[in-house]
Amino acid sequence: MASRKKNLQGLVAATITPMTEHGEINLSVIGQYVDYLVEKQGVKNIFVNGTTGEGLSLSISERRRVAEEWVTKGRNKLDQVVIHVGALSLKESQELAKHAAEIGADGIAVIAPFFLKPQNKDDLTAFLKEVAAAAPALPFYYYHIPALTGVKIRAEELLDGIQEKIPTFQGLKFSDTDLLDFGQCVDQNRQRQFAFLFGVDEQLLSALVMGATGAVGSTYNYLGKKTNQMLEAYERKDFSSALNYQFCIQRFINFVIKLGFGVSQTKAIMTLVSGIPMGPPRLPLQRASKEFIDNAEAKLKSLGFLSFTDLKNGNLETSS
Ligand SMILES: CC(=O)N[C@H](C=O)[C@@H](O)[C@H](O)[C@H](O)CO
Ligand SMILES: CC(=O)C(=O)O
């Protein structure tokens, strides 16, 4: 059985992988990034090397170094550091799982292999089981993101009986809008203490109603504070305030989605809001355009997500 820490709950920021202007990983700002999440956003859990972290665009050695830096800099500051170790090659995935255990991460997560794909639940379970077994002391999370992997096996089906196959299974990161599937994952596993982490930030409130125990997302890097206010309102059963917070967050996400929103844009927004240079994305992604950044900045300001002082302080912090 995995050594069980307290369940992963609340907001989990899907970390960006900072890069230099030349496109190399930039470990030097990660310490600052940890402090920013904890102090400015109230976010104390992170999900490293996932979609937002361009994990699948990094080499194995880069993934190891990035993971190690987050664990080191997060020590005594963060509650939990979950490392995404999914890869197309089972061997690489196992190597990363083992490494995550060695460096003292709090959990590992895996997406479905997405080139030669599992055809059914049994294929997928068999793959996940082999990865989990490489880190037998670490909580294991399945990262369901069918729109990106193309693997559409329903999470509810996968979860049925999964603990018998994968004893370290501890939860699901659900990045899909199918709330029937998500709700049934929760409903059918009420007796188990799984973490149900929702991954569509603009719809989190609906997922809370459906039983989400936490959330992993890219926007918690810079909208963590706002989203925490929504969670607090929900906790005290002030649903009309919670809805106001969700709508406010939606106005921003809806606006940027229309402009074209992805990891490149997340990097640019985070640079702007935090003042910490995230650098460009790696090919095949291209930098966000100047036009996008200007529009996003104006929207952040009009929604009160970014003040002139924030910007100034952020910039001062990085130059010091
Ligand atoms: C596809 C993708 O990257 N999804 C992220 C996490 O799973 C989310 O955090 C989104 O970035 C966010 O919900 C905005 O659409
Ligand atoms: C959003 C998320 O969870 C990821 O970047 O992997």
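Computed from a predicted model, the values in this text were never measured in an experiment. (Residues numbered from 1 in each chain as written. Chains lettered and ligands numbered in written order. Predicted model: local features only at pLDDT ≥ 70, side-chain atom pairs only at ≥ 80, totals over all residues. Heavy atoms only, no water.)

### Regarding the site of ligand 2
Reasoning step 1: Near ligand 2 you find Ala14, Phe47, Gly50, Thr51, Thr52, Tyr143, Lys173, Val216, Gly217 and Ser218, and these make up its full shell.
Reasoning step 2: With respect to ligand 2, the backbone of Thr51 contributes an N or O atom lying 2.8 Å from an oxygen atom.
Reasoning step 3: In the model, an oxygen atom of ligand 2 is placed 2.6 Å from a nitrogen or oxygen of the Thr52 side chain.
Reasoning step 4: For ligand 2, whose unbound accessible area comes to 210 Å², protein coverage reaches 93%.
Reasoning step 5: Of all the cavities here, the one that holds ligand 2 is the largest pocket.
Reasoning step 6: Residues that form the shell around ligand 2 fall into these classes: 4 nonpolar, 5 polar and 1 charged. (Near = heavy atom within 4 Å. Polar contact = N/O pair within 3.5 Å; in protein donor to acceptor, adjacent residues only side chain to side chain. Areas by Shrake-Rupley, 256 points an atom, 1.4 Å probe, with all protein chains shown as cover. 1 Å grid on protein atoms, 1.4 Å probe; cavity = no way out; pocket = protein on both sides within 12 Å on 5 of 7 lines; lining within 4 Å. Sits in = over half its atoms within 2 Å of the grid points. Nonpolar A, V, L, I, M, F, W, Y, C, P; charged D, E, K, R; others polar.)

### Considering the environment of Lys44
Reasoning step 1: On the secondary structure map, Lys44 appears in the loop between α1 (30-41) and β2 (45-48).
Reasoning step 2: According to the relative accessible area criterion, Lys44 is partly exposed, its value standing at 34%.
Reasoning step 3: Here Lys44 is in contact with Leu11, Val38, Lys77, Leu78, Asp79 and Gln80, once residues within four sequence places are set aside. (Helix = DSSP H or I, 4+ residues; strand = E, 2+ residues; numbered from the N terminus. Buried < 20%, exposed > 50% of the residue type's maximum accessible area, 1.4 Å probe, protein only. Contact = heavy atoms within 4.5 Å.)

### As for the UniProt feature "active site" (unreviewed entry) in the chain
Reasoning step 1: The sites that UniProt annotates as "active site" (unreviewed entry) are Tyr143 and Lys173. The annotated residues occupy 31 residues of the chain but converge on a single region, no pair of C-alpha atoms lying more than 4.7 Å apart. Cross-referencing the annotated residues with the largest pocket identifies Tyr143 and Lys173 as lining it.
Reasoning step 2: With respect to the element layout, Tyr143 can be found in strand β5 (residues 140-144).
Reasoning step 3: By relative accessible area, which is 4% here, Tyr143 ends up buried.
Reasoning step 4: Setting aside residues up to four positions removed in sequence, Tyr143 forms contacts with Phe47, Thr51, His84, Val110, Ile111, Ala112, Lys173 and Ser175.
Reasoning step 5: Side-chain polar atoms of Tyr143 contact the side chain of Thr51, separated by 2.5 Å.
Reasoning step 6: Assessed through its relative accessible area of 4%, Lys173 is described here as buried.
Reasoning step 7: Setting aside anything within four residues of it in sequence, one finds Lys173 in contact with Phe47, Tyr142, Tyr143, His144, Leu197, Gly199 and Val216. (UniProt positions renumbered as here; feature names shortened; annotations may be inferred.)

### Some points on the site of ligand 1
Reasoning step 1: With respect to spatial proximity, the complete set of residues near ligand 1 consists of Thr51, Tyr143, Ile145, Lys173, Ser175, Gly199, Val200, Asp201, Glu202, Gly217, Ser218 and Phe261.
Reasoning step 2: Lys173 is positioned with one of its side-chain polar atoms (N or O) 3.1 Å from an oxygen atom of ligand 1.
Reasoning step 3: Within the contact set of ligand 1, an oxygen atom lies 2.6 Å away from a side-chain nitrogen or oxygen of Glu202.
Reasoning step 4: When ligand 1 is considered free in solution it has 390 Å² of accessible area, and contact with the protein chains removes 79% of it.
Reasoning step 5: Counting atoms within 2 Å of the grid points, the majority share of ligand 1 lands in the largest pocket.
Reasoning step 6: By residue class, the composition of the shell around ligand 1 is 4 nonpolar, 5 polar and 3 charged.

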